[in-house]
Every structure is written in C-alpha cells, then in structure tokens.
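Analysis of the macromolecular model
Listed here are the chains, written in short residue letters.
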Amino acid sequence: FIRQRLLDSGFPESRTHTHYIGVDCRTIRPRGDSEEQPLILHVARLVEVKGTRYLLRAFARVARSYDRVRLKIIGDGPLRRALHGLAASLGVGDRVEFLGALPHAEVLSSMRKAAMLVLPGIRTATGREEGLGMVLLEAAATGVPIIGSRVGGIPECLVDGKTGFLVPERDDEALARRMAELLEDPVGRQRMGAAGRALVEDRFDIDRQTAALENFYDSALAR
C-alpha cells in the first residue's frame, strides 16, 4: 500500500522496494485455546482513521444476541469522549471498556484472551488510510483471528476467509455479521488463528526480515 502511494507520487518503480518490519515470533507465542474469553479487542489510537465508531455500532448489533460478549478498547486519543458517548447512546456502555493507552506487555496479555481483534479502518476525507499496523501482526502471531476493513495496508497481513475476514469500510452491518460468525464458530476461530500464526512466521518473522534488510543494505553498498 505505501509503495503504491509512492509510485503514484512519481517515485521510480525500479528504485522502490517493499520491506515489511517483523514481529518477534520467539517472544510472542500462540495462545492456548483455554485462554480465550468472549472478548472482542480493539487496539488503536482513538482517531477517525481507525473506524472505532463503526466497531461500536457493529458491537451494539452483536450484543443483542450475545449476552456475555464484551468489547475492550485499548488506546487513547481526541475521540475518546465522543466514543464513550456513542457507546452509551447505543445501549452498550456497560459492556465496552475504554482502558486508554497501556504498556505493551498488557496489550499482548489482552490479545491472548481475545476471541478476535477488530480494526475497521476507513479512508478519511483528507485521504488518510490505515497502514499495516503492528497490532495486526502481533494479534496474528498470538493466534487471534482478525477482522479488518479492505483499505490501506490491512489486506497485506490478512487473508480473507483464512486468517480472518475483510469487510467494506464504514459498513457496520457487514462488520457485525462477521463478528457474529466468528463468535458462533470456535473451531473456525482456532483454525483462522493457526493460519494467521503460520502467515506471520512465513512473511513477518523479525529475524528473517532483519536478515533480508541487512542483505539489501549489503547489496546497496556493493553497488
């Protein structure tokens, strides 16, 4: 996604390369099935591009049918107060936790309990879009299925129907359907989580990616 934006801006294709930063697959281990709770997790700065308002609307739909499910939001930002108000107006204020910014270790601990991680990013009026966020890679490395919007860099780490689901941006109804589908299917969640872990090991492992970056530097210096 970022490379294409550069090419659209006139950078020469032959001199523009894509390199993904990695996650530490030795430190972040797949969680056990027994760790999972009826918890939907959202980790994001509370700004427009993250699409948190659409997640709240989708969660309100889902909450009508699933009494035990909760939504945990980790992150802070200028929209926090407005999002609090939206949750209350939707009737789910008591089932949504706004935890603010937390240390990285606590974020990873929450991931291990989540039934899914949801990031419904949007294109803003100014053209801003979500890149490939580290939180998506960390969730996949933990073995958590992901639901994300089909915008920006999100599809680069999510195989639709295999490691999670991609949904149209700003479509809280479609988002709610996919969230409910995952809540209904524990076997599917485990399968998608395992596939997400395998994808991260194959394409985003930090040791492999660091070695590839070093090789790129070596080749550039040799020229």
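This text goes with the structure placed above it.
As a starting point, this report considers the structure included with it. (Residues numbered from 1 in each chain as written. Predicted model: local features only at pLDDT ≥ 70, side-chain atom pairs only at ≥ 80, totals over all residues. Heavy atoms only, no water.)

With that settled, consider the sheet that holds strand β6 (residues 164-167). Within the open sheet, the 6 strands sit side by side as β3-β2-β1-β4-β5-β6. Their pairing is parallel. This sheet does not close on itself; its edge strands, each paired only once, are β3 (96-100) and β6. Each strand axis lies, on average, 20° off the axis of its neighbour in the sheet, ignoring direction. As defined by bridge partners, strand β2 (residues 70-74) adjoins β3 across 4 bridges and the pair is classed as parallel. (Pairing = 2+ DSSP bridges. Helix = DSSP H or I, 4+ residues; strand = E, 2+ residues; numbered from the N terminus. Axes fitted to C-alpha atoms, helices over the stretch in contact; angles between N-to-C directions.)

With 8 of 9 residues buried, helix α5 (residues 134-142) lies mostly within the body of the structure. Among all positions of α5, only Val135, Leu136, Leu137, Glu138, Ala139, Ala140, Ala141 and Thr142 are buried. On its buried face, α5 is in contact with β1 (39-43), α4 (104-113), β4 (116-119), β5 (146-149) and α7 (186-203). Phi turns positive one or two residues past the end of α5, at Gly143, with a value near 90°. (Buried < 20%, exposed > 50% of the residue type's maximum accessible area, 1.4 Å probe, protein only. Contact = heavy atoms within 4.5 Å.)

Per the stated rule, a full pass over the model turns up 17 salt bridges. With its nearest N and O atoms 3.2 Å apart, the salt bridge here joins Asp207 to Arg26. In this pair, Asp207 sits in helix α8 (residues 206-222) while Arg26 sits in the loop between α1 (2-8) and β1, placing the two residues 181 residues apart along the sequence. Taking relative accessible area as the criterion, Arg26 reaches 62% and is therefore assigned exposed. What you see here is one network of salt bridges that share partners, running through Arg5, Arg123, Glu129, Glu169 and Arg170. (Salt bridge = Lys/Arg side-chain N within 4 Å of Asp/Glu carboxyl O.)

From the geometry alone we can't say anything about function, so treat these as descriptive.
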